[in-house]
Amino acid sequence: MRNPDPTVLPDPWYSLHKLLSDMDAEIEQVYVERGINGVRPRFAYPLIRLAHTGPLTIRELAESLDRSHSAISQTIAAMRKEGLVTSEPGPDARTRRIELTERGRSLVPFLEAEWRATHATVAELDGEVPYAMTTVVEELRRALEQRPMRQRVLDHLVEPPQ
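Residues numbered from 1 in each chain as written. Predicted model: local features only at pLDDT ≥ 70, side-chain atom pairs only at ≥ 80, totals over all residues. Heavy atoms only, no water.

Undergrad: Help me out: how do you make sense of the pattern of salt bridges in this one?
TA: Oppositely charged side chains can form a pair if their charged atoms are brought close together. Taken as a whole, this structure holds seven salt bridges when the rule is applied. Notably, a salt bridge pairs aspartate 155 with arginine 147, separated by 3.0 Å at the nearest N-O pair. Taking the relative accessible area as the measure of exposure, arginine 147 reaches 31% and is therefore partly exposed. (Salt bridge = Lys/Arg side-chain N within 4 Å of Asp/Glu carboxyl O. Buried < 20%, exposed > 50% of the residue type's maximum accessible area, 1.4 Å probe, protein only.)

Shown next as structure tokens:
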């Protein structure tokens, strides 16, 4: 007898992923309305950081943003494609230094203003809902510090017989 397909159950992460995706799409629409095409909200953080630090390696940028090397590498590739950054060989053959292009640099003042507006919007939303998103996230983080996600999954995991 086969087990039923567990993916037919509602995905508990779907609504969160959809909400984040929808919010990013709304922010991107703000860019498009201002004639800023090809820029994604996920580009703002690294572009602003590079404007303030100057050129960084992907590793340095990832560490400064508390993101994975892989995620930043993918973001840099997308930003390079849009003409926002360039990369030059770093101090050794394995590294690349990422630098803003003139286009990337010209967008930073707007991106900083959008960043501040987005933070104000999140604070406004936190005041409109019974459970502030920022508070819920911190409470979840504290709960996971007490008992990590890995352990929680293992506690529920029933592996199939071999």
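On we go from here.
Undergrad: Would you take a moment to explain the pairing of strand E3 (residues 96–100) for this structure?
TA: Where a strand is regular, its side chains alternate between the two sheet faces. Here strand E1 (residues 56–57) runs beside E3; their pairing, made up of two bridges, is antiparallel. Note that in E3 the partner of leucine 56 across the bridge is isoleucine 98. Bridge count for strand E2 (residues 85–89) against E3 is five bridges, and the pairing is antiparallel. Pairing of proline 89 across the sheet is with arginine 96, part of E3. If you look at the hairpin formed by E2 and E3, you'll find six residues sitting between the two strands. (Pairing = 2+ DSSP bridges. Helix = DSSP H or I, 4+ residues; strand = E, 2+ residues; numbered from the N terminus.)

Undergrad: Would you mind going over the environment of phenylalanine 43 with me for this structure?
TA: You can see phenylalanine 43 is positioned in helix H2 (residues 41–53). The sequence separation of phenylalanine 43 and isoleucine 76 amounts to 33 residues, and the corresponding C-alpha distance is 8.3 Å. Among all residues touching phenylalanine 43, those that are not within four sequence positions of it are Gly38, Thr75, Ala78, Met79, Glu82 and Leu84. (Contact = heavy atoms within 4.5 Å.)

Just geometry here; none of it tells us what the structure is for.
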